[in-house]
Amino acid sequence: MAQSTFLDFAREQLPPPPARLLEVGCGHGELTTALAVEGYDVLGIDPQAPQGDLFRRIRLEDIEPDEALFDAVLASHSLHHIRDLDQALDRIVSLLGPGGLLVLDEHGWDLADEATLDWLWNQQRALASAGHGELPASLDAFREEWEAEHLGLHRSETMRNEVDARFEERVFTRTPFLYRLLGGVATEVLEQALIDAEAIQALGFRYAGVARRPEE
Ligand SMILES: C[S@@+](CC[C@H](N)C(=O)[O-])C[C@H]1O[C@@H](n2cnc3c(N)ncnc32)[C@H](O)[C@@H]1O
């Protein structure tokens, strides 16, 4: 069965085109471009953004609210990179109009339990055996590397708490994430099946929520 993409999820949550959208951390710009094709008035920001009218090479922290607020802000796997999450979410709130929507595709690296890391380690060993990447060291060393790689990045609970302080949750759903790291050796469908069987944890989550009014 085909999995639902973040674009599918966003479409279900967003007001109809031509609403004004901001994508934070747009990367190569695929989502911003897809939303523009659907008729949205969308701007993608990222220090690494592509060239073009749909994009600006700027950090969220440096964008100034102008006279036209956004109807929705989207962020796919970018929020956890922003060091000052508190300030970033305040900035997002200030860029949204009343009742504005936040739509997130995120993951919590800290949600990986022993069984999940064991599975990921084995998938990476399979990839290395096929000539992609280096053979990971022992599972213990792999666990230490996982922690070290993610040390500066926000934990899922921190993200949830900071988001909940400013937005009223409309939808929250856990999703596969690790297939994104595995270059095709494990598909999203396989990861979902293992999550459904409670063999591994779902690290990804999708969220949609509405900005709280100041008096709430
Ligand atoms: C893991 S990538 C995700 C890219 C894309 N959204 C995706 O889902 O594939 C994180 C992106 O966030 C961007 N980013 C990091 N800090 C940012 C900030 N303060 N403001 C805007 N974008 C930022 C990075 O440049 C990077 O392109």
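First, a word on scope: everything that follows refers to the structure included in this document. What you see is a predicted model; the values in this text were computed from it and never measured. Counting from 1, residues in each chain are numbered in the order their sequence is written. In keeping with the predicted nature of the model, local features appear solely for residues at pLDDT of at least 70, side-chain atom pairs appear and are counted solely at 80 or more, and the whole-chain, interface and lining totals rest on all residues. Excluding hydrogens and water, the side-chain figures rest on all heavy atoms present in the structure.

To continue, consider the nonpolar core. What we call a nonpolar core is a set of buried Ala, Val, Leu, Ile, Met, Phe, Trp, Tyr and Cys residues that are connected through their side-chain atoms within 4.5 Å. Any residue under 20% of the maximum accessible area for its type is buried, any over 50% is exposed, and the rest in between are partly exposed; the area is computed with a 1.4 Å probe on protein chains only. Judged by nonpolar contacts, the single largest core of 26 residues is most densely connected at Leu-22, Leu-60, Ile-92, Leu-102 and Phe-167. When contributions to this core are tallied by element, the ones reaching two or more residues are strand E1 (20–24), strand E2 (41–45), strand E4 (70–76), helix H3 (85–95), strand E5 (96–107), helix H6 (156–164) and strand E7 (204–211). Per-element tally for this core: the top contributor is H3, with five residues. Here, residues are in contact when the closest pair of their heavy atoms is within 4.5 Å. When sequence neighbours within four positions are dropped, the list of residues in contact with Leu-102 reads Val-73, Leu-89, Ile-92, Val-163, Phe-167, Tyr-207, Ala-208 and Gly-209. One finds Leu-117, Leu-139, Ile-195 and Ala-202 within the second-largest nonpolar core, a separate group that totals 20 residues. A run of DSSP states H or I qualifies as a helix once it reaches four residues; a run of E qualifies as a strand once it reaches two. Both are numbered from the N-terminal end.

With an omega dihedral of 10°, the bond running from Pro-17 to Pro-18 counts as a cis peptide bond. Among the secondary structure elements, Pro-18 is positioned in the loop between helix H1 (6–13) and E1. Within the chain, His-77 stands out as a residue other than glycine whose phi angle is a positive 55°. Take His-77: it is sitting in the loop between E4 and H3. You can call His-77 buried: its relative accessible area is 12%. Of note in this structure, Glu-198 is not a glycine but carries a positive phi near 60°. Structurally, Glu-198 is set in the loop between helix H7 (188–196) and E7. For Glu-198, a relative accessible area of 71% puts it in the exposed group.

Whenever Lys or Arg places a side-chain nitrogen within 4 Å of a carboxyl oxygen from Asp or Glu, that contact is recorded as a salt bridge. The tally for this structure, following the rule as stated, stands at 14 salt bridges. One salt bridge in this structure joins Arg-20 and Asp-41, with 3.9 Å as the shortest N-O distance. Of this pair, Arg-20 sits in strand E1 while Asp-41 sits in strand E2; the two residues are 21 residues apart in sequence, bridging distant segments of the chain. We classify Asp-41 as partly exposed; its relative accessible area is 42%. Note that Arg-160 is salt-bridged to Glu-169, the shortest N-O span being 2.6 Å. With relative accessibility at 17%, the residue Arg-160 sits in the buried group. Here Glu-169 falls in the partly exposed class, since its relative accessible area comes to 40%. One salt-bridge network, in which partners are shared between bridges, spans Asp-86, Asp-90, Glu-162 and Arg-166.

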